[in-house]
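So the chains spell out like this:
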Amino acid sequence: MLLAGQMTFAQQLEVKSVKIMKDTAQSGFYHAKFSPKGDYLLVSKADYSGLRMYFFADDKLKTITEDPGVGYGTQISEDGSTILYKKSEFRNNRRYSSLVSYSKMTDAAYEVA
C-alpha cells in the first residue's frame, strides 16, 4: 500500500509600491517575461505581435520588433543580453519561420536559422 501526502505552505507577500507602467494604456503589456536579473520585462501585445523591453531603472520602453507572433515562445539568455524569438512570414500561402537572435548590447537582430 502506498500513501501519498501533500504539504502546502503559505507564502506572505508584501507590496511596497504600485506604479503605473508607461504606455500600458496604448496596447497593454501581455505575455510578460522577466529578465534573469530582473532589470527589464519583455512584453508583447495581446495577439503575441511585437516585442518590447520595459526597463525598470529608467522607466523606458524599447521596441525590438513589431513582427506578428514573435511574443510566443520567446527565450532570454541567462545573462539577459540575448533574446531569441521566432519570426514568421507568409509568402504564396505558405508560412516561413526563422529563429532570430537580438543582442541587447549591440541593439541588433539577425536570423540564426
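Look up: the structure comes first, before these words.
Residues numbered from 1 in each chain as written. Predicted model: local features only at pLDDT ≥ 70, side-chain atom pairs only at ≥ 80, totals over all residues. Heavy atoms only, no water.

## Quick look at the sheet that holds strand β8 (residues 108–111)
Right, so step 1: The antiparallel open sheet is built from four strands, whose spatial order is β5-β6-β7-β8. Across the chains shown, the open sheet's two edge strands, defined by having one partner strand only, are β5 (75–76) and β8.
Right, so step 2: Bridge count between β5 and strand β6 (residues 82–91): two bridges; the pairing is antiparallel. Directly across from Ile-76, in β6, lies its bridge partner Ile-83. (Pairing = 2+ DSSP bridges. Helix = DSSP H or I, 4+ residues; strand = E, 2+ residues; numbered from the N terminus.)

## Overview of unusual backbone geometry
Right, so step 1: Of note, Asp-59 is a non-glycine position whose phi angle comes to about 55°, a positive value.
Right, so step 2: Within the element layout of this structure, Asp-59 appears in the loop between β3 (51–55) and β4 (60–65).
Right, so step 3: Judged by its relative accessible area of 25%, Asp-59 is partly exposed. (Buried < 20%, exposed > 50% of the residue type's maximum accessible area, 1.4 Å probe, protein only.)

## A look at the side chain of Ser-101
Right, so step 1: Structurally, Ser-101 can be placed in strand β7 (residues 94–103).
Right, so step 2: The exposure class of Ser-101 is buried, given its relative accessible area of 6%.
Right, so step 3: In this view, Ser-101 contacts Thr-82, Ile-83, Leu-84, Ala-108, Ala-109, Tyr-110 and Val-112; residues no more than four positions away in its chain are not counted. (Contact = heavy atoms within 4.5 Å.)

## Thoughts on the nonpolar core
Right, so step 1: Counting residues in each nonpolar core, the largest one holds twelve residues, listed as Tyr-40, Leu-42, Leu-51, Met-53, Phe-55, Ile-64, Val-70, Ile-76, Ile-83, Tyr-85, Val-100 and Tyr-102.
Right, so step 2: Mapped onto this core, the elements with two or more residues apiece are β2 (40–44), β3, β6 and β7.
Right, so step 3: In terms of residue count, β3 provides more of this core than any other element does, three residues in total.
Right, so step 4: Those residues in contact with Ile-83 that sit more than four places away from it in its chain are Tyr-40, Leu-42, Leu-51, Met-53, Ile-64, Thr-74, Gln-75, Ile-76, Val-100, Ser-101 and Tyr-102. (Core = buried A, V, L, I, M, F, W, Y, C linked by side-chain atoms within 4.5 Å.)

## Remarks on the sheet that holds β4
Right, so step 1: One open sheet accounts for four strands, arranged β1-β2-β3-β4; its pairing is antiparallel. Two strands in the sheet have a free side with no partner beyond their single neighbour: β1 (30–34) and β4. Sheet twist, expressed as the average angle between the axes of neighbouring strands with direction ignored, equals 25°. (Axes fitted to C-alpha atoms, helices over the stretch in contact; angles between N-to-C directions.)

## Overview of the pairing of β1
Right, so step 1: Pairing analysis gives three bridges linking β1 to β2, with the strands arranged antiparallel. Counted as the bridge partner of Lys-33 is Leu-42 from β2.
Right, so step 2: Where β1 hands over to β2, the hairpin turn is made up of five residues, of which Gly-38 adopts a positive phi near 80°.

## Looking at the pattern of salt bridges
Right, so step 1: As enumerated under the stated definition, the model contains three salt bridges in all.
Right, so step 2: We note a salt bridge from Asp-39 to Lys-104, for which the minimum N-O separation is 3.3 Å. Residue Asp-39 is found in the loop between β1 and β2, and its partner Lys-104 is found in the loop between β7 and β8; the two are separated by 65 residues along the sequence.
Right, so step 3: Judged by its relative accessible area of 31%, Asp-39 falls in the partly exposed class.
Right, so step 4: On the basis of relative accessible area, Lys-104 is assigned to the partly exposed category, the value being 27%. (Salt bridge = Lys/Arg side-chain N within 4 Å of Asp/Glu carboxyl O.)

It is worth stressing that arrangement in space is one thing and function is another; only the former is reported here.
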